[in-house]
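# Fold and geometry: a report
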Amino acid sequence: MSQTINVTVWNEHRHEKTNEKVASVYPQGMHTAIAEGLDISGKVTVATLDDPEHGLTEEVLNNTDVLIWWGHMAHDEVQDEIVNRVHQRVLHGMGLVVLHSGHFSKIFKKLMGTSCDLKWREADEKERIWVVNPGHPIVDGIGEYIELPAEEMYGEHFDIPQPDELVLVSWFEGGEVFRSGCCYTRGMGKIFYFRPGHETYPTYYNPQVRKVISNAVKWAAPVDREYPKYGNAKPLETIKGK
């Protein structure tokens, strides 16, 4: 029996409101396309920046197993209180899948502890995303590579900590490469960063991209165990002389 996973897809939902090209690609918003592409058992809900508390209330997060995050033009508008709330949920076991320009989100930078900066270029380049860890569950059902006919380029150096596991590496038509599928653990939570998904391209309709995101949600889902106990502890055994 497949695991039941409750997912919240978070998106700024700003580009779709202000850019006609983006609106033509994602008329219902990128969050809707991402949510519709999930092949999982469980409840999928969406939340956006302009919702009360950005749609990430205590109740929503407490009922979220995996949070998917897409942001770009309004990272600074995300309230620190909400960032801290998400951060604590990740440490307590909630999975987090960060997409594309979410690398510069407050939550991803807080979890990574680095600038998360990189090189970029918009030139309608072909992207070939190579599977470099073929035994990893995130690339289950994916061939040697995913090829996207046009995407925004991200290039090294990508200022992130060394990934716990590197699953995917991108090559671009202009010659750059990029660590585009990176796994981390923070506290009890698992984090996956996945590079493709610039707002002007129909990347989130690509079946293989959707497959990777669905696999990542299943991988990042929390394990069923209590949060560890910290602080002063009584001995389990009798200590001699005490």
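Scroll up to find the structure.
Structure report, in brief. All values reported here derive from a predicted model rather than from experimental measurement. (Residues numbered from 1 in each chain as written. Predicted model: local features only at pLDDT ≥ 70, side-chain atom pairs only at ≥ 80, totals over all residues. Heavy atoms only, no water.)

### What about a nonpolar patch on the surface?
Quick note on the threshold: Patches draw on residues past 30% relative accessible area with no salt bridge. Two like charges within 9 Å are joined, as are two nonpolar side chains (Val, Leu, Ile, Met, Phe, Trp, Tyr) within 5 Å. In short, Shrake-Rupley with a 1.4 Å probe defines the accessible areas, and a residue's cover is counted only from the protein chains shown. Salt bridge, as used here, is a side-chain nitrogen of Lys or Arg placed within 4 Å of a carboxyl oxygen of Asp or Glu. The helix count covers DSSP runs of H or I at least four residues long, the strand count covers runs of E at least two residues long, and both are numbered beginning at the N terminus. Only protein chains enter the area calculation, which uses a 1.4 Å probe; residues under 20% of their type maximum are buried, those over 50% are exposed, and those in between are partly exposed.
A surface patch of nonpolar side chains, about 260 Å² in accessible area, is lined by Trp 130, Val 132 and Tyr 145. Mapped onto the elements, Val 132 comes out in the loop between strand E5 (119-131) and strand E6 (145-155). In this structure Val 132 comes out as partly exposed when scored by relative accessible area, which is 42%.

### Quick word on the pattern of salt bridges
What the rule picks out here adds up to 14 salt bridges. The salt bridge involving Glu 81 is made with Arg 85; its shortest N-O contact spans 3.4 Å. Taken together, the positions of Glu 81 and Arg 85, both in helix H5 (residues 80-91) and 4 residues apart, correspond to about one turn of that helix. Arg 85 sits in the buried class, given a relative accessible area of 11%. One salt bridge in this structure joins Glu 226 and Lys 229, with 3.7 Å as the shortest N-O distance. The exposed category is assigned to Lys 229, whose relative accessible area is 72%.

### Re the packing of aromatic side chains
To keep things clear, this is the line we draw: Classification of ring pairs rests on two measures: the distance between centres of Phe, Tyr or Trp rings, Trp counted by its six-membered ring, which must be within 6.5 Å, and the angle between planes, read as stacked under 30 degrees, edge-to-face over 60 and tilted in between. We count a charge as sitting over a ring when the NZ of a lysine or the CZ of an arginine lies within 6 Å of the ring centre and within 35 degrees of the ring normal.
Considering all chains together, one arrives at 10 aromatic pairs under this definition. The structure contains a cluster of three or more aromatic residues connected by ring pairs, namely Phe 108, Tyr 154, Phe 158, Phe 178 and Tyr 193. Positioned over the ring face of Tyr 145 is Arg 128, at 5.5 Å from the centre of the ring. The ring of Trp 219 has Lys 190 sitting right over it, with the charged end atom 5.5 Å from the ring centre.

### Regarding unusual backbone geometry
Look at the link from Glu 156 to His 157: it is a cis peptide, with omega at 15°. Relative to the helices and strands, His 157 is located in the loop between E6 and strand E7 (165-172). Its identity as a non-glycine residue notwithstanding, Cys 116 has a phi of 60°, on the positive side.

### Thoughts on the nonpolar core
Operational definition: In this description, a nonpolar core means a group of buried Ala, Val, Leu, Ile, Met, Phe, Trp, Tyr and Cys residues linked to one another through side-chain atoms lying within 4.5 Å. We call two residues in contact when some of their heavy atoms are within 4.5 Å.
Among the nonpolar cores identified, the biggest contains 37 residues, and Ile 68, Leu 99, Leu 168, Phe 192, Tyr 204 and Val 217 are the most heavily contacted of them. Per-element tally for this core: the top contributor is helix H7 (residues 207-220), with 7 residues. Beyond its immediate stretch of four places on either side in the chain, Tyr 204 contacts Tyr 26, Met 30, Ala 33, Ile 34, Trp 70, Leu 99, His 100, Pro 196, Gly 197, Val 209, Arg 210 and Ile 213. Counting 32 residues, the second-largest nonpolar core is a separate cluster that includes Ala 74, Val 86, Tyr 184 and Ile 191.

### Re the sheet that holds E5
What counts here: Between any two strands, at least two bridges found by DSSP are needed for them to pair. Every axis corresponds to a line fitted to the C-alpha atoms, with the helix fit spanning only the stretch in contact, and the corresponding angles, defined between N-to-C directions, vary from 0 to 180 degrees.
In space, the 9 strands of this open sheet follow the order E2-E1-E3-E4-E9-E8-E7-E5-E6, with mixed pairing throughout. On the outer flanks of this sheet lie strand E2 (44-48) and E6, each paired with one strand and no other. Averaged over all adjacent pairs, the angle separating strand axes in this sheet is 25°, with direction ignored. Across 8 bridges, E5 lies against E6 in antiparallel orientation. By the bridge assignment, Arg 121 is partnered in E6 with Met 153. Where H5 meets the sheet, its contacts fall on strand E3 (66-70), strand E4 (95-99), strand E8 (177-186) and strand E9 (189-194), and the angle it forms with E9 comes to roughly 115°.

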